[in-house]
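What follows is the residue order along each chain.
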Amino acid sequence: MERLPISHTDYLWFNAPRRKHLYHITDEVRRVVRDSGVREGFCLVGAMHITAAIWVNDNESGLHQDIDAWLEQLAPLGPDYHHHRTGEDNGDAHLKALLLGRQVLLPVTDGELDLGPWEQVFYHEFDGRRRKRVIIKVCGF
Amino acid sequence: MERLPISHTDYLWFNAPRRKHLYHITDEVRRVVRDSGVREGFCLVGAMHITAAIWVNDNESGLHQDIDAWLEQLAPLGPDYHHHRTGEDNGDAHLKALLLGRQVLLPVTDGELDLGPWEQVFYHEFDGRRRKRVIIKVCGF
Amino acid sequence: MERLPISHTDYLWFNAPRRKHLYHITDEVRRVVRDSGVREGFCLVGAMHITAAIWVNDNESGLHQDIDAWLEQLAPLGPDYHHHRTGEDNGDAHLKALLLGRQVLLPVTDGELDLGPWEQVFYHEFDGRRRKRVIIKVCGF
């Protein structure tokens, strides 16, 4: 059986109603993996804007509150960022995105996301109220 | 010479004797890369549970003490996480995992891990005393 | 049309004139992607030394000042690291690298980096005044 490389790219768009918002996107990622036809390979999920993060963790609302409070402690919303000289007010959002990371790479095995029992994929918006994009790219064979 | 894509997936299991434990896993990762037959590609090493991290840095015990102290400062063990309403006591472990990251992607060149002189791979457990898994997936040709 | 897998690996060398230095390397990464001949795939950009980071964010000098101040707050330069018993003085640089991460994986679509409008790639040196290396590896077809 010949195995030729396959690539499949999709994009999700978001427009959060407020500054911060957390989206659970595991189902969308699974759909793109199935659409790709890839049986073995990697699936990149990446925020394409620089004030949002992609991370994998538990889908538990208490934990999500803890993550939010922790981010505000380590990279607080505030007026005193040098970046604000450009007219922006989202210095904190850049730091939050750097802290959590803009992307994850998910293994694809036997045509499915190869995730642990509690692993779920989230898009975390830190500077919403504008259209923003996430890339999902699956490469393999 | 025909070059067809190759994928090889292996899993490591851990059951740490205590809450926190650091495992040096570079040799295991090298073994999986050799088993894969991949000459050129990428090797994903990822924690499949959400309270552990994979990172690459120096194998030096003083540095490991510094990392532990630093994590306790930025994401301390404690009773006051909302996540604990579920009955868990590992809120800190989730934050530590998010801080350090759940995965690394290692380049494979000429059939070997293409690492810098001091780069070593570690599995960092933050909530042990249960069976937990790490995926090592090598894709290339 | 047959599509066979391609891999292309390049290395950048740096020797920063001082302890900390930020290099904007998007153009070098684009060049390596074009040299690779890859139309669809992934481009790994990774620091090969353990006291430097690779990250993607805005090319804005005020933001870069904010990132520097933030790193000094969360992982300060100082004399009190256990790691310094080895004779090194760069404990902070290891922590800064762990915080921001040693690598990014960039999607390659239609032969080009598939980046968002403000995404730029940076090499962030935290322990300069020595020769250090970055790997750029493009795999796809």
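Values in this document were obtained by computation on a predicted structure and should not be read as measured data.

A. Layout of the overall build of chain A. For chain A, the count of helices and strands is three helices and eight strands. Order of helices (α) and strands (β) in chain A, N terminus to C terminus: β-β-α-β-β-α-α-β-β-β-β. C-alpha atoms of chain A, sized along the principal axes, occupy 60 × 30 × 25 Å. For chain A, the share of sequence-separated contacts (at least 6 apart) that also reach a separation of at least 24 residues comes to 84%. Accessible surface, chain A: about 5,400 Å² in total, of which carbon and sulfur atoms supply 47%.

B. A look at the relation of the copies chain C and chain B. It takes a turn of 120 degrees to lay chain C on chain B, together with a shift of 0.0 Å along the axis; the resulting RMSD is 0.0 Å. As the rotation angle and translation indicate, the two copies are arranged about a three-fold axis.

C. View of the interface of chain C and chain B. Across the contact, 29 residues belong to chain C and 33 residues belong to chain B. Across the chain C/chain B interface, buried area totals approximately 2,800 Å², and carbon plus sulfur atoms make up 63% of it. Counting every contact that joins chain C to chain B gives two salt bridges. A salt bridge links C:K137 to B:E40, with the shortest nitrogen-to-oxygen separation between them at 2.6 Å. Counting across the chain C and chain B interface gives 15 residue pairs in polar contact (both at pLDDT 80 or more). At the level of elements, β1 (6-14), β3 (41-47), α3 (91-100), β5 (103-109) and β8 (132-140) of chain C are the ones that each hand at least two residues to the side of chain C that touches chain B. Grouping the amino acids of the side of chain C that touches chain B by side-chain chemistry returns 18 nonpolar, eight polar and three charged.

D. Here's a closer look at the packing of helix α2 (residues 61-74) of chain B against helix α3 (residues 91-100) of chain B. Residue and element names in this part refer to chain B. Two elements in contact, α2 and α3, have axes separated by 10 Å at closest approach and are oriented at 115 degrees. Crossing geometry of α2 relative to α3 is assigned as right-handed. Judged by residue contacts, W70, L71, E72 and L74 of α2 engage K96, L99 and L100 from α3. When its residues are assigned to classes, the contact of α2 with α3 shows five nonpolar, no polar and two charged.

E. A look at the interface of chain A and chain B. Each partner contributes to the interface: chain A provides 33 residues, whereas chain B provides 29 residues. By the criterion of area lost to chain B, the three top residues of chain A are A:F42, A:D66 and A:W70, representing 21% of everything that side buries. Taken together, chain A and chain B are joined by two salt bridges. Counting across the interface, chain A meets chain B through 15 residue pairs in polar contact (both at pLDDT 80 or more). Every element with two or more residues in the side of chain A that touches chain B is listed here: β3 (41-47), β4 (52-57), α2 (61-74), α3 (91-100) and β5 (103-109) of chain A. With seven residues, the single largest contributor to the side of chain A that touches chain B is α2(A). Split into classes, the residues belonging to the side of chain A that touches chain B amount to 20 nonpolar, six polar and seven charged.

F. Helix α1 (residues 26-36) of chain A, seen in detail. Residues and elements named next belong to chain A. Taken as a whole, α1 has its buried residues at T26, V29, V32, V33 and S36. Here the buried residues of α1 occupy an arc of 125 degrees about the axis, which is enough to place them on one side. Away from its buried face, by an angle of more than 90 degrees, α1 presents the exposed residues D27 and R34. Within two residues after α1, G37 carries a phi angle of roughly 75 degrees, on the positive side.

G. Region of interest: the pairing of strand β5 (residues 103-109) of chain B. Residues and elements named next belong to chain B. Among the seven residues that make up β5, seven are buried, leaving the element largely enclosed by the rest of the structure. The two faces of β5 match: Q103, L105, P107 and T109 on one face and V104, L106 and V108 on the other face are all buried. Pairing of strand β3 (residues 41-47) with β5 involves six bridges; the strand directions are antiparallel. Note that in β5 the partner of G41 across the bridge is V108. Looking at chain direction, β5 and strand β6 (residues 112-113) are connected through two bridges and run antiparallel. Counterpart to V108 in the pairing with β6 is L113. Connecting the antiparallel pair β5 and β6 is a turn made up of two residues, with D110 showing a positive phi of about 55 degrees.

H. Structural view of the relation of the copies chain A and chain B. Overlaying chain A with chain B gives an RMSD of 0.0 Å, the required rotation being 120 degrees about an axis along which the chain moves by 0.0 Å. Taken as a fraction of all interface residues of chain A, those also at the interface in chain B reach only 18%, which identifies the copy contact as different-surface.

I. View of the environment of A:E119. Structurally, A:E119 can be placed in the loop between β6 (112-113) and β7 (120-125). Residue A:E119 is classed as buried on the basis of its relative accessible area, which comes to 2%. Not counting chain neighbours up to four residues away, the residues in contact with A:E119 comprise A:V56, A:N57, B:A47, B:M48, B:I50 and B:R102. A polar contact of 2.8 Å, which involves the side chain of A:E119, links it to the backbone nitrogen of A:G116. A distance of 2.8 Å separates a polar atom in the side chain of A:E119 from a polar atom in the side chain of B:R102.

J. Expanded view of the environment of C:K132. All names here are of chain C. By the element assignment, K132 lies in strand β8. The class for K132 is buried, based on a relative accessible area of 1%. Between the alpha carbons of K132 and H94 there is a distance of 14 Å; along the sequence they are 38 residues apart. The contacts of K132, once residues within four sequence positions are left out, are L12, W13, F14, H49, T51, Y123, E125 and D127. From its side chain, K132 meets the backbone oxygen of D127 in a polar contact 3.2 Å long.

Reading the values: rules and limits
- Residues numbered from 1 in each chain as written.
- Chains lettered and ligands numbered in written order.
- Predicted model: local features only at pLDDT ≥ 70, side-chain atom pairs only at ≥ 80, totals over all residues.
- Heavy atoms only, no water.
- Helix = DSSP H or I, 4+ residues; strand = E, 2+ residues; numbered from the N terminus.
- Contact = heavy atoms within 4.5 Å.
- Areas by Shrake-Rupley, 256 points an atom, 1.4 Å probe, with all protein chains shown as cover.
- Least-squares fit on C-alpha atoms with pLDDT ≥ 70 in both.
- Buried area = accessible area lost by both parts, 1.4 Å probe.
- Salt bridge = Lys/Arg side-chain N within 4 Å of Asp/Glu carboxyl O.
- Polar contact = N/O pair within 3.5 Å; in protein donor to acceptor, adjacent residues only side chain to side chain.
- Nonpolar A, V, L, I, M, F, W, Y, C, P; charged D, E, K, R; others polar.
- Axes fitted to C-alpha atoms, helices over the stretch in contact; angles between N-to-C directions.
- Left-handed = near helix turned anticlockwise from the far one by under 90°.
- Buried < 20%, exposed > 50% of the residue type's maximum accessible area, 1.4 Å probe, protein only.
- Arc of directions from axis to C-beta.
- Pairing = 2+ DSSP bridges.

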